[in-house]
Amino acid sequence: MADNTSYLPPEIIESILSRLPAKSLLRFKSVSKSWNTMIADPVFVQNHIRQSKHSNSDNLFLCPNTYPIPVVKLGDKKIQTLQRIESRYARWHELCFCDGVILLTDGTYMRFALWNPSTRTSKNLWYKYSCPEAAFGLCRDPATDDFKVVIADSNYYSVYSCKNKSWIMLKKKYDVKYTGLGVNLSYNNIGVCVDGASYWVWGNDNATQIELVYFDPRDDEFKILHMPENIADANQKF
Amino acid sequence: MAAETGTPTTLTLKSNDDELFSVAESAAILSVTIRNMVEDGCAGGVIPLDNVDGKTLASVITYMNGISAIPADEEKKKSYRDKFLSDKDFETLADMVLAANYLNMSCLMDAVSAKIAQVMEKKSVGWVRRKFGIENDYTPEEEAAVKEEHKWTFEGVETDDDN
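These figures come from a predicted structure and were not determined experimentally.

Focus on the interface of chain A and chain B
Each side of the interface is counted separately: chain A has 24 residues, and chain B has 31 residues. Listing elements by their share of the side of chain A that touches chain B, those giving two or more residues are α1 (10-17), α2 (22-27) and α3 (33-40) of chain A. Examining the composition of the side of chain A that touches chain B, we find that four residues originate from one element, α2 of chain A, more than from any other. Across the side of chain A that touches chain B, the residue classes break down as ten nonpolar, eight polar and six charged.

Details of the confidence of the model for chain A
Residue and element names in this part refer to chain A. Here chain A averages 78 in pLDDT, while 79% of its residues score no lower than 70. Element-level mean pLDDT values for chain A span from 47 in helix α5 (residues 185-188) up to 94 in α3. Counting interchain partners and residues more than four positions distant, the pLDDT-below-50 stretch residues 1-5 has ten contacts.

What about the domain arrangement of chain A?
Each domain of chain A was delimited in the assignment, giving domain 1 (10-55), domain 2 (58-87) and domain 3 (90-225). On a C-alpha basis, the centres of domain 1 of chain A and domain 2 of chain A stand 25 Å from each other.

Points about helix α6 (residues 106-120) of chain B
With 15 residues, α6 of chain B should reach 21 Å at 1.5 Å per residue; the first-to-last C-alpha distance of 21 Å fits that figure. When α6 of chain B is considered as a whole, its buried residues turn out to be Leu108, Met109, Ala111, Val112, Ser113, Ala114, Lys115, Ile116 and Met120 of chain B. Buried residues belonging to α6 of chain B abut α1 of chain A together with α3 (54-68), α4 (74-86), α5 (90-103) and α7 (125-132) of chain B.

Re the domain arrangement of chain B
Entries for chain B in the domain assignment read domain 1 (10-120) and domain 2 (125-154). Each of domain 1 of chain B and domain 2 of chain B has a C-alpha centre, and these two points are 34 Å apart.

Description of the pairing of strand β7 (residues 121-126) of chain A
Residues and elements named next belong to chain A. Examined bridge by bridge, strand β6 (residues 111-116) and β7 share six bridges and lie antiparallel to one another. Along β7, the bridge assignment pairs leucine 114 with lysine 123. Here β6 folds back onto β7, and the loop between the two strands holds four residues, one of which, arginine 120, carries a positive phi near 55 degrees.

With respect to the nonpolar core
Across soluble globular proteins, you tend to see nonpolar side chains buried next to one another. Core analysis: the biggest nonpolar cluster contains 46 residues, and Val97, Ala100 and Val112 of chain B have the highest contact counts within it. With nine residues, the top contributor of residues to this core is α5 of chain B. Residues within four places of valine 97 of chain B in sequence aside, it is in contact with Ile12 of chain A together with Met109, Val112, Ser113 and Ile116 of chain B. Counting residues in each nonpolar core, the second largest holds 34 residues, with Leu95, Leu103, Leu138 and Trp200 of chain A among its members.

Quick notes on the rules
What you see as residue numbers is a count from 1 along each chain, following the sequence as written. Chain letters and ligand numbers both follow the written order, the letters beginning at A and the numbers at 1. Local features in a predicted model are, by the rule used here, given only for residues with pLDDT of at least 70; side-chain atom pairs are given and counted only at 80 or more, and totals for whole chains, interfaces and linings are based on all residues. Any pair of residues counts as being in contact when their C-beta atoms, constructed from backbone geometry, are within 7 Å of one another. Starting at the N terminus, helices and strands are each numbered in turn, a helix being any DSSP run of H or I of at least four residues and a strand any DSSP run of E of at least two. Polar here means any residue outside two lists: the nonpolar Ala, Val, Leu, Ile, Met, Phe, Trp, Tyr, Cys and Pro, and the charged Asp, Glu, Lys and Arg; Gly therefore counts as polar. By definition, pLDDT measures how confident the predictor is in each residue, and it falls between 0 and 100. For every domain, the bounds stem from an assignment made automatically or drawn from a database. Under the convention used throughout, the expected extent of a helix is 1.5 Å for every residue step, that is, one less than its residue count. Three exposure classes are used, all based on how many other C-beta atoms lie within 10 Å of a residue's own C-beta (placed from the backbone): buried at 20 or more, exposed at 12 or fewer, and partly exposed between those limits. Any two strands with at least two DSSP bridges between them are considered paired. We call a set of buried Ala, Val, Leu, Ile, Met, Phe, Trp, Tyr and Cys residues a nonpolar core when their C-beta atoms link them within 7 Å.

As structure tokens, then:
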């Protein structure tokens with residue numbers, strides 16, 4: 001019966017397309033205008049991200065600060081390089097990663113870029129001054145699906161919203177030294193994205209006391225996640 | 001009424017080309033559509049399935065029997081589904097996804113959608129248009145512009161296998 005399957009209703013076509021990798025989806029934008037509209041739809045894009053996270057159990061990692069960037073698969077007892085990604089950001093430093101998007105800087109810490117290797121799209125950002133000692137975070141507001149870049153230095157922090165295409169600057173509520181751990185600033189002030197929020201470890205000068213601090217993209221606030229008391233070894237490196 | 005005369009353990013399903021199939025009720029109620037009919041007491045006689053042809057229904061019933069024979073073990077069910085779909089061509093898969101949607105069988109719907117996605121992943125735009133029966137409504141200039149914008153996604157496309 002199926003020489004011609006144009007009778008597949010849009011909800012079935014969406015269910016099929018949501019399981020394709022980004023590369024195939026971008027190619028199939030050329031199929032027709034209605035496919036292009038469907039694939040570019042923000043709701044479809046969010047469903048696609050959710051579907052990919054749910055089904056992708058391949059344990060894939062990008063290895064930063066090597067070029068071209070290797071995509072590595074952690075398998076049973078072996079690590080395998082699947083492919084290397086070339087990009088225009090050859091000598092840039094990777095700072096943070098969230099939902100497939102990487103925050104990079106060219107080393108000036110004034111010029112930044114958000115780069116999505118799956119769609120090969122990117123966006124350049126300028127900060128108002130060079131901030132090599134700041135803390136960096138990248139997160140996604142689950143309520144509005146807005147990507148946010150956070151740069152926190154001495155007394156203030158700035159938040160870039162991809163939706164509003166603008167920076168806002170806010171005063172810090174806590175006296176938190178995001179750069180307080182270790183000597184290698186370029187490693188210790190980088191936030192880790194978990195479930196849409198950005199987390200950092202911070203401590204006092206001797207690192208005898210450590211805390212987890214996180215940026216909550218829903219209200220643009222920094223919050224402290226208190227450590228469970230039984231974590232005794234505060235000198236442990238994170 | 002089925003409930004009063006003792007619930008039948010076997011149901012009779014009728015395809016839209018008038019083929020009749022007997023299937024254990026316990027397997028058939030994987031379909032929410034059929035389960036609702038059974039619960040409403042209208043499964044005593046023959047259940048007409050107007051949107052499914054005999055060939056597809058036979059295949060769906062094979063799946064119903066196969067998957068319901070596997071105890072609650074998601075790994076085993078997954079490998080059964082993979083094997084069940086492994087030798088199906090695109091047209092059969094398209095019929096099955098429609099049937100799974102009509103019968104409201106989410107596990108089959110998910111598995112067939114994923115299988116179709118796997119089949120089409122490396123295919124050309126022309127292949128997709130032919131298989132899905134989609135008319136190209138771009139002007140040549142518009143189509144060239146969309147292709148140019150995503151030029152890199154045309155690397156590594158398989159040669160069409162449907163000519």
